[in-house]
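Residues per chain are reported as follows:
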Amino acid sequence: SQQGEEDPQALSIQEGENATMNCSYKTSINNLQWYRQNSGRGLVHLILIRSNEREKHSGRLRVTLDTSKKSSSLLITASRAADTASYFCATDGSNYKLTFGKGTLLTVNP
Amino acid sequence: DAGVIQSPRHEVTEMGQEVTLRCKPISGHNSLFWYRQTMMRGLELLIYFNNNVPIDDSGMPEDRFSAKMPNASFSTLKIQPSEPRDSAVYFCASSLQPGETQYFGPGTRLLVL
């Protein structure tokens, strides 16, 4: 069964706007990771946030983690057309297995 | 520095044929993962190795699937015999240690006719 579930399933915005994607999970985790996948390509790691961290930044990316609500969010600021991709959250629970959600398809219109 | 290398990139085969997918992890990485991605089921972990030893193969669909890691720089995923429902993109990923960031290969797109 899927551990992480992204919301929304699809998001369409204009270039320059911010994009926020959410992820909810069910069981306790060691860390949570966000990945990006361009159409027809492999997944690219964006950011890892550990269970004892609440917020992390990397360039235009901001990730928050609320373990009490079992949820995380990924914010992309000042979006660009090149940010168009699917975004996945992955949770790392027991046994170090990553479980991926179904992803959010982000479209940034120029 | 080369990333994870997978071959072939595309494979078209007929039902009943044996399929072998190959992966070379990033040098120095101790953990290797095989995933399958389909529209219906998303990205699923099939099996992962740590220090060349299979740790968790609970995601392997059935006995037709097998994976090996004879050394730290090479792994194979074999499907025998293949079936149309095996059509998917198969990804290999590696990480320094279990639980750390995983680096994905470009994937093998498999079509079983």
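Please refer to the structure higher up on the page.
All of these numbers come straight from a predicted model, not from anything done at the bench.

Colleague: I would appreciate a short explanation of unusual backbone geometry in the present structure.
Modeller: The phi angle of most residues is negative, glycine excepted, and most peptide bonds adopt the trans form. Cis rather than trans, the peptide bond between A:Asp7 and A:Pro8 has omega equal to 0°. Among the structural elements, A:Pro8 can be located in the loop between strand S1 (5–7) and strand S2 (10–14). With an omega of -10°, the peptide bond running from B:Gln80 to B:Pro81 counts as cis. Mapping B:Pro81 onto the fold places it in the loop between strand S8 (74–79) and strand S9 (88–95).

Colleague: What is the right way to look at the interface of chain A and chain B in this model?
Modeller: For an interface, size is often stated in terms of accessible area lost upon the parts coming together. In this assembly, 20 residues from chain A lie in contact with 22 residues from chain B. Around 1,600 Å² of area is buried between chain A and chain B when both sides are counted, 48% of it from carbon and sulfur atoms. Contact with chain B buries surface across chain A, with A:Leu43, A:Tyr96 and A:Lys97 losing the most and accounting together for 28% of the total. At the surface where chain A touches chain B, the tally comes to one salt bridge.

Colleague: Please explain the pairing of strand S7 (residues 61–66) of chain A as it appears in this structure.
Modeller: Residues in a regular strand point their side chains to alternate faces of the sheet. All names here are of chain A. Judged by which residues are buried, S7 turns out to be one-sided: Leu-61, Val-63 and Leu-65 face inward and are buried, whereas Arg-62, Thr-64 and Asp-66, on the alternate face, are not. Strand direction decides the pairing type here: strand S6 (residues 55–58) and S7, joined by four bridges, are antiparallel. From the neighbouring strand, Ser-58 faces S7, where its bridge partner is Leu-61. Taken together, S6 and the strand that follows it, S7, pair antiparallel across an intervening segment of two residues, in which Gly-59 is found at a positive phi of about 60°. Sheet analysis places S7 next to strand S8 (residues 71–76), joined by six bridges and oriented antiparallel.

Each value, and the rule that gives it
- Residues numbered from 1 in each chain as written.
- Chains lettered and ligands numbered in written order.
- Predicted model: local features only at pLDDT ≥ 70, side-chain atom pairs only at ≥ 80, totals over all residues.
- Heavy atoms only, no water.
- Helix = DSSP H or I, 4+ residues; strand = E, 2+ residues; numbered from the N terminus.
- Contact = heavy atoms within 4.5 Å.
- Buried area = accessible area lost by both parts, 1.4 Å probe.
- Salt bridge = Lys/Arg side-chain N within 4 Å of Asp/Glu carboxyl O.
- Buried < 20%, exposed > 50% of the residue type's maximum accessible area, 1.4 Å probe, protein only.
- Pairing = 2+ DSSP bridges.

Scope: geometric values only; no functional claims are made or implied.
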